[in-house]
Amino acid sequence: DVFECALKYADEGSEESRIAFAEAFDKAESCYNVAWNLTMGLYWIRPWKFLTLDGQSRKYIEKHLNERIDKSGVKGRIKAKAYLALCDRFEAHFKESNFPVHSFPELSLMAWQQQDVSAQSQDDEDAENEDATAAEAAESNLVLEYSYRNICDDGSFLTEDEIKKILERLSQKKNIILQGPPGTGKTWLAKRLAYALIGEKNDNRVRSVQFHPNLTYEDFVRGWRPNEGGTLSLTDGPFMEMVDTAKQNPTYKFVLIIEEINRGNPAQIFGEVLTLIECDKRSPNSSLELSYRRFDGERVYVPENLYVIGTMNIADRSLALMDLALRRRFAFIDLEPKFGDLWKQFMRNNFNFQDSFIDDIEVRIKDLNNQISNDSRLGEQFCIGHSFLTPPKGLLIEDAQNWFRQVVKTEIVPLLNEYWFDDRDIAKEAQKALLKGF
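Because the structure is a prediction, the values reported are computed rather than measured. (Residues numbered from 1 in each chain as written. Predicted model: local features only at pLDDT ≥ 70, side-chain atom pairs only at ≥ 80, totals over all residues. Heavy atoms only, no water.)

Peer 1: I'm lost on helix H2 (residues 15–29) in this one. Help?
Peer 2: Every α-helix carries 3.6 residues per turn, so stepping three or four residues along brings you back to the same face. The end-to-end C-alpha distance of H2 is 21 Å, a good match for the 21 Å that 15 residues give at a rise of 1.5 Å each. Residues of H2 that are buried: Ser 17, Arg 18, Phe 21, Ala 22, Ala 24, Phe 25, Ala 28 and Glu 29. Against the buried residues of H2 lie helix H1 (2–12), helix H3 (37–45) and helix H5 (80–93). (Helix = DSSP H or I, 4+ residues; strand = E, 2+ residues; numbered from the N terminus. Expected span 1.5 Å × (residues − 1). Buried < 20%, exposed > 50% of the residue type's maximum accessible area, 1.4 Å probe, protein only. Contact = heavy atoms within 4.5 Å.)

Peer 1: Help me understand the pattern of salt bridges in this model?
Peer 2: All told, the structure shown has 30 salt bridges when counted by the stated rule. Ionic pairing is found between Arg 207 and Glu 241, a salt bridge with its closest N-O pair at 2.6 Å. Highlighted residues: Arg 207 in strand S4 (residues 206–210) and Glu 241 in helix H13 (residues 238–248), separated in sequence by 34 residues. Residue Arg 207 is classed as partly exposed on the basis of its relative accessible area of 30%. For Asp 236, the salt bridge is made with Arg 222, and the minimal N-O distance between the two is 2.7 Å. With a gap of 14 residues between them, Asp 236 in strand S6 (residues 232–236) and Arg 222 in strand S5 (residues 222–226) connect regions that are remote in the sequence. Take Asp 236 and Arg 222: they sit in the same class, and that class is buried. (Salt bridge = Lys/Arg side-chain N within 4 Å of Asp/Glu carboxyl O.)

Peer 1: So what exactly am I meant to see when it comes to the packing of aromatic side chains here?
Peer 2: A full pass over the atoms with the stated rule returns 26 aromatic pairs. With centroids separated by 5.1 Å and ring planes inclined at 80°, the aromatic side chains of Phe 339 and Trp 343 adopt a geometry described as edge-to-face. With respect to class, Phe 339 is no different from Trp 343; both count as buried. Taking the centre distance of 4.9 Å and the plane angle of 45° together, the rings of Phe 404 and Phe 438 count as tilted. Of the two residues, Phe 404 is situated in helix H19 (residues 400–419) and Phe 438 in the segment after helix H20 (424–435); the sequence distance between them amounts to 34 residues. Through a chain of ring-to-ring contacts, three or more aromatic side chains come together here, namely Phe 157, Phe 346, Phe 351, Phe 353, Phe 357, Trp 403, Phe 404 and Phe 438. (Phe/Tyr/Trp six-rings, centres within 6.5 Å; stacked < 30°, edge-to-face > 60°.)

Peer 1: Where do I start with the sheet that holds strand S9 (residues 331–334) in this structure?
Peer 2: Adjacent strands of a sheet pair through backbone hydrogen bonds, lying either parallel or antiparallel. With parallel pairing, the five strands of this open sheet are ordered in space as S4-S7-S8-S2-S9. Taken across any chain shown, the strands that pair with only one partner, and hence form the sheet edges, are S4 and S9. On average, each strand axis in the sheet is inclined to that of its neighbour by 20°, with strand direction left out of account. Examined bridge by bridge, strand S7 (residues 254–259) and strand S8 (residues 306–313) share five bridges and lie parallel to one another. Residue pairing for S8: Phe 254 is matched across the bridge by Leu 306. The sheet contacts of helix H10 (residues 160–173) involve strand S2 (175–180), S8 and S9, and relative to S2 the element is tilted by about 140°. Sheet strands touched by H13: S4, S7 and S8. Its angle to S7, the strand with the most contacts, is close to 165°. (Pairing = 2+ DSSP bridges. Axes fitted to C-alpha atoms, helices over the stretch in contact; angles between N-to-C directions.)

Peer 1: Got a minute to help me understand unusual backbone geometry in this structure?
Peer 2: Residues other than glycine predominantly adopt negative phi, and peptide bonds predominantly adopt the trans conformation. Despite not being glycine, Asn 66 has its phi angle at roughly 55°, a positive value. Mapped onto the secondary structure, Asn 66 falls in the loop between helix H4 (55–63) and H5. One non-glycine residue, Lys 174, adopts positive backbone phi at about 75°. Here Lys 174 is to be found in the loop between H10 and S2.

Peer 1: Explanation requested: the pairing of S6 in the structure shown.
Peer 2: It is a general feature of regular strands that their side chains alternate between the two faces of the sheet. Relative to S6, S5 is paired through five bridges, and the arrangement is antiparallel. Each residue of the ladder has a partner; that of Arg 222, found in S6, is Asp 236. Count of turn residues in the S5/S6 antiparallel hairpin: five residues, of which Gly 230 carries a positive phi of about 85°.

Peer 1: Can you walk me through the pairing of S7 in this structure?
Peer 2: A large share of S7 lies buried, amounting to six of its six residues. Side chains Phe 254, Leu 256 and Ile 258 of S7 all project onto a buried face; the interleaved residues Val 255, Ile 257 and Glu 259 project onto the opposite face, where all are buried too. Where S4 meets S7, five bridges bridge the pair, whose relative direction is parallel. Bridge pairing in S7 links Ser 208 to Ile 257.

Printed below as a string of structure tokens:
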């Protein structure tokens with residue numbers, strides 16, 4: 001798409017073709033492993049129209065031509081608007097008789113000649129200004145390996161066997177939803193399951209979005225949106241962007257995390273994509289037309305290397321029930337409050353809490369959760385999760401009792417008041433029981 005639009009813009013030079021090229025450029029820049037080499041490819045196809053921004057050219061432009069390169073795009077690279085503006089400025093400079101170069105090919109040549117002349121004195125500077133391709137490779141090599149064992153090390157209170165079973169369901173079903181009461185670590189676990197699935201801690205291959213009541217199919221999948229030219233353009237949402245990225249990198253796994261998947265209207269937001277995400281329909285043979293097509297006959301499928309992890313709070317009364325058709329596409333994983341031995345070990349090792357203090361907290365919270373579970377107006381889905389009473393690693397807690405009091409008063413009590421909004425006396429008694437002796 002980028003190069004088709006680039007050729008049309010180079011040949012026509014119209015505002016419409018410029019806008020189309022800019023949209024394709026920015027979309028390609030968001031794809032995995034696309035770096036400054038996109039501008040190199042544009043230079044190769046139309047060297048008198050497009051500027052190459054390889055490492056040496058960038059250095060020459062900024063140091064010898066005193067032009068600033070806007071690097072506010074993806075991973076510190078350039079956006080289409082800034083790239084086109086830079087090309088325009090150079091075309092204007094080329095007409096100046098005293099400007100050092102007068103075309104993009106001459107600029108590229110001078111950049112590499114300058115490299116040869118300065119080779120002996122540039123060693124230290126070159127170390128700080130690596131070519132973008134080398135930087136990408138170095139970054140890739142520094143990506144940390146990640147497995148189910150790392151999830152346990154990071155502070156999960158699930159056993160290794162439990163984590164392996166969740167990953168196995170994710171691998172088989174392609175789509176899972178982590179559901180549980182507030183504070184059971186759904187968001188925390190979703191991100192780490194994604195890392196473990198792809199085998200490395202790499203945010204280039206994991207993307208998170210959040211559903212909300214105002215989110216639509218047009219936002220999530222594809223729809224018409226205003227552009228800088230004052231017209232509407234057909235734009236892919238995060239789902240189709242991930243689909244395209246996964247297709248272009250078939251040897252890698254990619255994960256889309258959907259926070260609060262039931263906070264919007266999932267069936268409406270997914271649309272026909274609901275059929276495409278089924279694990280047995282992940283092939284071109286099952287492709288369908290989207291509601292908004294880029295061209296006549298366009299058909300879309302979801303590749304096998306794209307996985308979806310949703311999170312769902314089952315205690316929020318304001319949320320819609322899950323559509324049965326959507327339920328069939330996902331495997332549901334129940335997460336429960338974990339105040340057992342692994343939690344105690346984490347609290348003891350990371351915060352030096354006394355065993356008696358940890359045991360006391362466990363007893364109080366378990367008593368409260370039993371009360372909540374046995375209340376016919378509530379149930380197990382309203383229990384208090386372990387996240388409320390698990391400080392983040394590295395937090396310095398000098399007074400354990402004061403920390404517990406503050407958590408109860410500012411986080412747990414407001415939740416209890418919401419639970420028993422029609423009987424505040426129960427909430428007050430529950431608060432007294434939690435803080436008795438503190």
